[in-house]
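# Geometric and topological summary
Take a look at the letters that make up each chain.
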Amino acid sequence: MSNNLYQMIARAQAEYARCIDDDRLEEWPDHFHGRCIYKVTTAANHREGLEVGIIFANSRGMLLDRVSALREANIYERQSYRHILGQPSILSEQDGEVRSETPFLVARILQDGDTDIFATGRYLDLYRVEDGEVKLNERTVVCDSSRVDTLMALPL
Amino acid sequence: MAQRQEMPNETAAQAWPRDGLTRIPYRVFRADEAYKAEQKLIFHGPSWHYLALEVEVPEPGDFRTTRVGDTPVIVTRDGDGEIYAFENRCAHRGALICLDNHGKGKKDFSCVYHAWTYDRQGNLRGVAFKDGVKGKGGMPDSFRMEEHGPRKLRIATLHGLIFGSFSEDVPPLEEYLGEEISSRIERVLGGRTPVVIGRVTQALPNNWKLYMENVKDSYHASILHLFFTTFELNRLSQKGAIIVDESGGHHVSYSAIDREAQKDAEYSKQQLRSDSQYRLADPSLLKGFEEYPDGVTLQILTVFPTFVLQQIQNAIAVRQIVPRGIGKTDLNWTYIGFADDTPEQRLTRVKQGNLVGPAGYISMEDGCVGGFVQRGIAGASDQEAVLEMGGAEAASSESRVTEASVRGFWKAYRSNMGV
């Protein structure tokens, strides 16, 4: 495994988190490529192989729809996230595909200032190496807890 | 302010407003006394409470833990193939008997504190050092194991749903539900083998009754939940109705494709341009398959006090509502597929999972709106909610612009609580 690859993944992770935390949701789908698989689920579902979690997308269109629903349709109190990411672990590297796991902690800040640890968990990612870059093809967000406080509006 | 009517067996502080079902005193969402009384009169009273799905405990020794109100409960299947449920509380000093939330191959349940051991039906079978050590210590001769044990629940199953009750007085489940409600459960689950395809718990920042009001409230659906409207997914060619059972406590709200009207709508769509600028980029989310021959695409069914069965297109789920104190509620979602689903059908259910749950396009608002009420009424314990949409009755209705099923909830609530 090259240091270069590790750095590329760490950079991609940081840019992804900044995009959400900076409320640039319109750019969030651009972080996905290829099959654009994005799932948010719980550790219990993931362990038991249960398919339905909290969010599921398997096309760029579904990612775009998530954003436009949040912007135009869904009603929730104004809130923001702060993602704190751990170091990525590279699990496998083969034929230009890299699987990695990265732990995260997300604080949710509500408009009245209440700040809570909203979610902890890990990103299970599949990147493809293309043109000297890593491109996120699949992200499964596995939340450690099976409980979600109130609602999950913004993506993790 | 409405005049208060003194009822027998209650203090002035608990008196219900005179206006029957159209005024709900906000204190019932905030008063600890109300919460305590509900635990006794509703959760240990003559009601049936959803515990689990039969497929979640398929074999002898399988178990799940859950709660009926505040009371922790173990649900098991014994060697005779029958389902049993008993309080998850050791008869000795009150510790939880079972710490895991599910498991398999359990021969008995042993409390970790002093190893008092129970069989799979909740009978006390062993007490560590019962006869003492070397003739010293031990339980007195008068101690009889059969006189001690956690409280047991009566069990009834219906189309794969397991219900339990602490009450000896509750009528049989099908009588409790009535023919109309039972047949609407059968419509979704009857003769089929469900498969659990996911679970999640949503922690709601509000009293449990505010969620039950919300789920029975067909008035809010097109107002609070804008997903269908924004993306112009509302079909005018839908007909529907509300069913409220005689007790008031159970309800069904449904809508179906009106095939005649659909033809007209399809026709007029050709001539009309839509004013909405929003379209789903990937409309496959809503491309369901025809699962039910009656054309019903949405059916929300509740069983008093805390059970919901949902069919929203091909997204099927049961929801169990568990109070966690006066202002907190757990909403347990169990998503269901069926054993004979094709891979394409299963993928449809997975995609339509986006409609519901904590991030659901048409349900996330329900996670926060109860909290808006809980916070809104913080200084208003002497004030009342108004429930007059569609009249003052709690009866079935062809219009869904009504609060009839919400009034029905309060009818059943008052009857159980004696207020």
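Before reading on, note that the structure itself is shown above.
To keep things clear, this report deals only with the structure shown in the data block. (Residues numbered from 1 in each chain as written. Chains lettered and ligands numbered in written order. Predicted model: local features only at pLDDT ≥ 70, side-chain atom pairs only at ≥ 80, totals over all residues. Heavy atoms only, no water.)

### Observations regarding the interface of chain A and chain B
Taken together, the contact pairs 34 residues of chain A with 42 residues of chain B. The interface formed by chain A and chain B contains 4 salt bridges. Residue B:Arg199 pairs with A:Glu48 through a salt bridge whose shortest N-O separation is 3.4 Å. Counting across the chain A and chain B interface gives 24 residue pairs in polar contact (both at pLDDT 80 or more). (Contact = heavy atoms within 4.5 Å. Salt bridge = Lys/Arg side-chain N within 4 Å of Asp/Glu carboxyl O. Polar contact = N/O pair within 3.5 Å; in protein donor to acceptor, adjacent residues only side chain to side chain.)

### Overview of the layout of surface pockets
Put simply, the second largest pocket is a space of about 880 Å³. Those elements that place two or more of their residues in the lining of the second largest pocket are α2 (43-48) of chain A together with β2 (49-53), β3 (63-68), β4 (71-77), β12 (194-204), β17 (315-323) and β18 (329-338) of chain B. For the lining of the second largest pocket, the class distribution of residues is 14 nonpolar, 12 polar and 11 charged. (1 Å grid on protein atoms, 1.4 Å probe; cavity = no way out; pocket = protein on both sides within 12 Å on 5 of 7 lines; lining within 4 Å. Points joined across faces, edges and corners; volume = space filled by probe spheres on them. Helix = DSSP H or I, 4+ residues; strand = E, 2+ residues; numbered from the N terminus. Nonpolar A, V, L, I, M, F, W, Y, C, P; charged D, E, K, R; others polar.)

### So, the side chain of B:Arg120
Residues and elements named next belong to chain B. If you trace the backbone, Arg 120 turns up in the loop between β8 (117-118) and β9 (124-126). Under the relative-accessibility criterion, Arg 120 is labelled buried at 16%. At 2.9 Å, the side chain of Arg 120 forms a polar contact with the side chain of Asp 78. Residue contacts for Arg 120: discarding those within four places in its chain leaves Pro 60, Gly 61, Thr 76, Arg 77, Asp 78, Gly 79, Tyr 84, Phe 86, Lys 106, Lys 107 and Phe 109. (Buried < 20%, exposed > 50% of the residue type's maximum accessible area, 1.4 Å probe, protein only.)

### Structural notes on the sheet that holds strand β13 (residues 238-244) of chain B
Taken together, the 8 strands give an open sheet; going across it, the order is β8(A)-β12(B)-β18(B)-β17(B)-β16(B)-β15(B)-β14(B)-β13(B), and neighbouring strands pair in mixed fashion. Each edge of the open sheet is held by one strand with a lone partner, namely β8 (147-149) of chain A together with β13 of chain B. Geometrically, the sheet is characterised by an average inter-axis angle of 15° between neighbouring strands, direction not taken into account. Pairing between β17(B) and β18(B): 8 bridges, direction antiparallel. By the bridge assignment for β18(B), B:Val322 is matched with B:Asp330. Strand contacts of helix α2 (residues 173-189) of chain B: β13, β14 (251-257), β15 (296-303), β16 (307-312), β17 and β18 of chain B, with the helix running at about 135° to β15(B), the strand carrying the most contacts. (Pairing = 2+ DSSP bridges. Axes fitted to C-alpha atoms, helices over the stretch in contact; angles between N-to-C directions.)

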